[in-house]
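Observations on the model geometry
Below, each chain spelled out in residue letters.
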Amino acid sequence: DYWMTSLPLPSGHYQYVYVVNEGDESNKIGDPANPKEASGVENGSEYGRSTFYVPYDEEKQSDSVDFSYMAPREDGQKGTVTYTTFTDVNGDTMPLGVYLPYGYDAEAEKPYKVLYLSHGAGGNECDWFGGGSVNDIFDNLIAEGKTEPVVIVTMNNGIYRDPDPAVFGFSGSIITDNLVNHILPYIEENYHVSSEPQDRAFAGLSMGGRATTNIMYRVPEKFGYFGIFSGADP
């Protein structure tokens, strides 16, 4: 009752699920032997798929793209990803993902800059780590001297819907309020990070790109940089 197949794959970050019963798309599960990224905290979430990385082999994969910049480092120069909770705009306990770069020093003379990242529609605080490999990418950038060490923070913006039932979608005003008055103060109180606007950046993908646009319109003075990917509000 077991079967196996083998096939060559280009380098890169792969995602997959098992469909337990054929035809039942709602019954998708991650690989029990390769658990999905999960925050494991109160009201936390998990990424929708199990993942793995295929290393680049110049001899065998010369015709494919080299995705080594996404490769997990094997020399120990790896930052840490942990999940914590904060009290949000609704008074609820909600999760945050926090990447601390390799060598993070809570007593360093210079506080760290911070990149805040928002997921796309249907995502959560695990997406940028589970699906985006942002921790591995920054591990490599930092180790290669291509960027300075930075703290990365992810959140779950999908729950902040517009209170008007006639409006389908998230609330830019609630997300902005939650970010400015709850997430930023929590991070700046609990981690050795800068509170200067020029040391903060906010970016997002798809729905997160729309959220970024809203934040840029509403509180442009709070951030020095914005990244809007695959979606924006006019």
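Read on for a plain summary of the structure.

Conventions used here
- Residues numbered from 1 in each chain as written.
- Predicted model: local features only at pLDDT ≥ 70, side-chain atom pairs only at ≥ 80, totals over all residues.
- Heavy atoms only, no water.
- Phe/Tyr/Trp six-rings, centres within 6.5 Å; stacked < 30°, edge-to-face > 60°.
- Helix = DSSP H or I, 4+ residues; strand = E, 2+ residues; numbered from the N terminus.
- Buried < 20%, exposed > 50% of the residue type's maximum accessible area, 1.4 Å probe, protein only.
- Expected span 1.5 Å × (residues − 1).
- Contact = heavy atoms within 4.5 Å.
- Pairing = 2+ DSSP bridges.
- Axes fitted to C-alpha atoms, helices over the stretch in contact; angles between N-to-C directions.
- Salt bridge = Lys/Arg side-chain N within 4 Å of Asp/Glu carboxyl O.

Under the definition given, this model contains nine aromatic pairs. Seen from their ring centres, Y116 and F223 are 6.2 Å apart, and the 85° between their planes marks the pair as edge-to-face. Of this pair, Y116 sits in strand 7 (residues 113-118) while F223 is found in the loop between helix 4 (207-218) and strand 10 (225-229), placing the two residues 107 residues apart along the sequence. With respect to class, Y116 is no different from F223; both count as buried. Joined through ring pairs, the aromatic side chains of Y14, Y16, Y18 and F52 make up one cluster.

Below, the discussion takes up helix 3 (residues 172-190). Here helix 3 contains 19 residues, and its C-alpha end-to-end distance of 26 Å stays within 8% of the 27 Å for a straight helix at 1.5 Å per residue. What helix 3 keeps buried is the set G172, I175, T176, N178, L179, V180, I183, L184, Y186 and I187. Contacts from the buried residues of helix 3 go to strand 5 (80-87), strand 6 (93-100), strand 7, strand 8 (150-155), strand 9 (200-205) and helix 4.

Quick look at the sheet that holds strand 7 now. Each strand in a sheet pairs with another by means of backbone hydrogen bonds, the pair being arranged parallel or else antiparallel. The mixed open sheet is built from six strands, whose spatial order is 5-6-8-7-9-10. If you trace the sheet from one side to the other, it starts and ends with strand 5 and strand 10, each paired once. Strand-to-strand twist in this sheet, taken as the mean axis angle between neighbours without regard to direction, amounts to 20°. Judged from the four bridges that link them, strand 6 and strand 8 form a sheet pairing that is antiparallel. When the sheet's bridge partners are listed, G97 is paired in strand 8 with T154.

Summed over the entire model, instances satisfying the criterion amount to seven salt bridges. A salt bridge links R73 to D75; the nearest nitrogen and oxygen atoms lie 2.7 Å apart. The residue E144 makes a salt bridge to K146 at a minimum N-O spacing of 3.2 Å. Salt bridges linked by common partners bring K110, K113 and E148 together as one network.

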